[in-house]
Amino acid sequence: MAGELIAFLAAAVLLTLSPGPDIIYVLVQGMTNGKKHGIVTALGLVSGIIVHTSLVAFGISAIIKQSENLFLMIRLLGAAYLFYLAWKVYKSDSTITVKAPAAEQKKELAALFKRGFLMNVLNPKVAIFFLAFFPGFLWDPQGNTVYQFYVLGFLFMLQAFLIFAAVAILAGKISVYLQKHPASGQIFKWVQVVVFVGIGVFILV
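First, a word on what this report is: a plain description of the structure on this page. Keep in mind that what you see is a predicted model, and the values were worked out from it rather than measured. (Residues numbered from 1 in each chain as written. Predicted model: local features only at pLDDT ≥ 70, side-chain atom pairs only at ≥ 80, totals over all residues. Heavy atoms only, no water.)

## Considering the overall build of the chain
Tallying secondary structure elements over the chain gives nine helices and zero strands in all. From first element to last, N terminus to C terminus, the chain shows the α and β order α-α-α-α-α-α-α-α-α. For 205 residues, the compact-globule estimate of 2.2 N^0.38 gives 17 Å, and the chain sits close to it at 18 Å. Across the 205 residues that make up the chain, the buried fraction comes to 44%. When contacts within the chain are restricted to residue pairs at least 6 apart in sequence, those whose partners lie at least 24 apart make up 84%. Taken together, the 15 basic and 7 acidic charged side chains of the chain have centroids lying 12 Å from each other. (Helix = DSSP H or I, 4+ residues; strand = E, 2+ residues; numbered from the N terminus. Rg over C-alpha atoms; globule rule 2.2 N^0.38 Å. Buried < 20%, exposed > 50% of the residue type's maximum accessible area, 1.4 Å probe, protein only. Contact = heavy atoms within 4.5 Å. Lys, Arg positive; Asp, Glu negative; His and termini not counted. Charge placed at Lys NZ, Arg CZ, Asp CG, Glu CD.)

What follows is the structure, encoded as structure tokens:
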């Protein structure tokens, strides 16, 4: 159990640190409206993880009870999807662009939370990624899998919120650093490639 959780947490942290729409949005809110607005945005984004975790937990758990072969197929498809993501990142541009929209207005905190929540819940890519990512880290597929999925979901939420909150607080400094070090995008790009491939291999073996 400990080994799977440590591996899961390490992979989750690296994935969360990789520049994506969620972390960039938190960064923009922190830059334009202050750390409080960035943190509330982060809360909204990570709250959406509960929905994706629940869908995966109850859906995959039902499949595991029906057939171990079906579960194996899901893990294989999940690994294939992660390899595909690694390929997409490899072929993508490594430039990180952080610009606050000119028309962006300072929203109420409740509205920011709602937008962050909906951004996460309504993103089908997040649902597919969780479906590919979570099953490979179950430590006892024959045990209470719903409980295990929620443990993984809580860990993912916790680390994501801590990282997003840190980004919101340090938004100004991070923005300046990215402007002064454009090559950092190349580093983040290869980190994503290695992490996606590594998780895929972990799921397979």
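## Remarks on the packing of helix α2 (residues 21-33) against helix α5 (residues 109-121)
Any two packed helices are characterised by the angle at which their axes cross and by the distance between the axes. Interhelical geometry of α2 versus α5 gives an angle of 165 degrees and a closest axis separation of 11 Å. Accordingly, the angle class assigned to the pair α2 and α5 is roughly antiparallel. Read as a crossing pair, α2 and α5 show a hand that is right-handed. Facing α2, whose interface residues are D22, Y25 and Q29, α5 presents L112, R115, M119 and N120. By residue class, the composition of the contact of α2 with α5 is three nonpolar, two polar and two charged. (Axes fitted to C-alpha atoms, helices over the stretch in contact; angles between N-to-C directions. Parallel < 35°, antiparallel > 145°, perpendicular 65-115°, else oblique. Left-handed = near helix turned anticlockwise from the far one by under 90°. Nonpolar A, V, L, I, M, F, W, Y, C, P; charged D, E, K, R; others polar.)

## A look at the packing of aromatic side chains
Tallying each qualifying case throughout the model produces 18 aromatic pairs. Ring plane angle 80 degrees and centroid distance 5.3 Å describe the contact between F8 and F134, whose orientation is recorded as edge-to-face. One end of the pair, F8, is in helix α1 (residues 2-17); the other, F134, is in the loop between α6 (124-133) and α7 (145-169), with 126 residues separating them in the sequence. The class for F134 is buried, based on a relative accessible area of 0%. (Phe/Tyr/Trp six-rings, centres within 6.5 Å; stacked < 30°, edge-to-face > 60°.)

## Things to note about the environment of K180
Along the polypeptide, K180 turns up in helix α8 (residues 171-180). K180 sits in the exposed class, given a relative accessible area of 63%. Sequence-wise, K180 and P124 are 56 residues apart; in three dimensions their C-alpha atoms are separated by 34 Å.

## Description of the environment of T145
Its place among the elements puts T145 in helix α7. Since its relative accessible area comes to 5%, T145 is described here as buried. C-alpha of T145 to C-alpha of A57: the two residues are 88 residues apart in sequence and 7.0 Å apart in space. Those residues in contact with T145 that lie beyond four places of it in its chain are S61, I64, L138 and D140.

## Structural notes on α8
Every buried residue of α8 is accounted for by A171, S175 and L178. The buried residues of α8 occupy an angular sector of 65 degrees when projected down its axis, which confines them to one face. Facing away from the buried surface of α8 by more than 90 degrees, the exposed residues are K173 and K180. Buried residues along α8 sit against α2, α7 and α9 (184-204). (Arc of directions from axis to C-beta.)

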